[in-house]
Amino acid sequence: MQLDMIKAIYDIAVALLLGLAAVGSGVGDGMVMSKYVEGVARQPEARGSIFGSALLGVALVEAFPVIALAFGIIILFTKGAF
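Right, let's walk through the structure included here. (Residues numbered from 1 in each chain as written. Predicted model: local features only at pLDDT ≥ 70, side-chain atom pairs only at ≥ 80, totals over all residues. Heavy atoms only, no water.)

Here we come to the overall build of the protein. Across its full length, the protein carries two helices and zero strands. Dimensions of the protein, computed from C-alpha atoms along their principal axes, come out at roughly 65 × 15 × 5 Å. Counting only residues that meet the buried cut, the protein has 21% of its 82 residues in that class. Put simply, 78% of the contacts in the protein that link residues at least 6 apart link residues at least 24 apart. Summed over all atoms, the accessible surface of the protein reaches about 5,900 Å², with 76% contributed by carbon and sulfur. (Helix = DSSP H or I, 4+ residues; strand = E, 2+ residues; numbered from the N terminus. Buried < 20%, exposed > 50% of the residue type's maximum accessible area, 1.4 Å probe, protein only. Contact = heavy atoms within 4.5 Å. Areas by Shrake-Rupley, 256 points an atom, 1.4 Å probe, with all protein chains shown as cover.)

It is worth spelling out the pattern of salt bridges at this point. Here the structure, examined in full by the defined rule, presents three salt bridges. Lysine 35 is the partner of glutamate 38 in a salt bridge, and the nearest nitrogen-oxygen pair spans 3.7 Å. Residue glutamate 38 and its partner lysine 35 are both found in helix α1 (residues 2-42); the two are separated by three residues, about one turn of the helix. By relative accessible area, glutamate 38 is classed as partly exposed at 35%. (Salt bridge = Lys/Arg side-chain N within 4 Å of Asp/Glu carboxyl O.)

Moving on, we come to α1. The end-to-end C-alpha separation of α1 is 60 Å, in line with the 60 Å expected for 41 residues at 1.5 Å each. Packing partners of the buried residues in α1 comprise α2 (47-78). (Expected span 1.5 Å × (residues − 1).)

Our focus in this paragraph is the packing of α1 against α2. At their nearest, the axes of α1 and α2 sit 9 Å apart, and the two run at 180° to each other. Comparing their axes, α2 and α1 come out roughly antiparallel. A class-by-class count of the residues in the contact of α1 with α2 yields 21 nonpolar, five polar and four charged. (Axes fitted to C-alpha atoms, helices over the stretch in contact; angles between N-to-C directions. Parallel < 35°, antiparallel > 145°, perpendicular 65-115°, else oblique. Nonpolar A, V, L, I, M, F, W, Y, C, P; charged D, E, K, R; others polar.)

Grouped together as the largest cluster of nonpolar side chains are five residues: Tyr36, Val40, Ala46, Ile50 and Ala54. Elements represented by at least two residues in this core include exactly α1 and α2. Residues in contact with valine 40, not counting those within four places in the same chain, are Arg47 and Ile50. (Core = buried A, V, L, I, M, F, W, Y, C linked by side-chain atoms within 4.5 Å.)

Relative to the helices and strands, aspartate 29 resides in helix α1. For the buried aspartate 29, no salt bridge is present, and the opposite-charge side chain at shortest range is lysine 35, 15 Å distant. Setting aside residues up to four positions removed in sequence, aspartate 29 forms contacts with Val58, Val61 and Glu62. (Lys, Arg positive; Asp, Glu negative; His and termini not counted.)

Here it is as structure tokens:
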């Protein structure tokens, strides 16, 4: 009984970890790209350099859910599997 409860808690923790990472990544991507559009609207001639910075920002934001997925898999298959 108690082992089932612990496994359920680990499963819920992994689900929250992945869900919040996905939501955070979506919000972060939206913020980066909105600032990119705002910067291009203010200075259209700097579009190339701003685009490079925007891509770097999106890549850093997208690394977060991949790391969270790795942690989730580790938690799920080590402590969560009884």
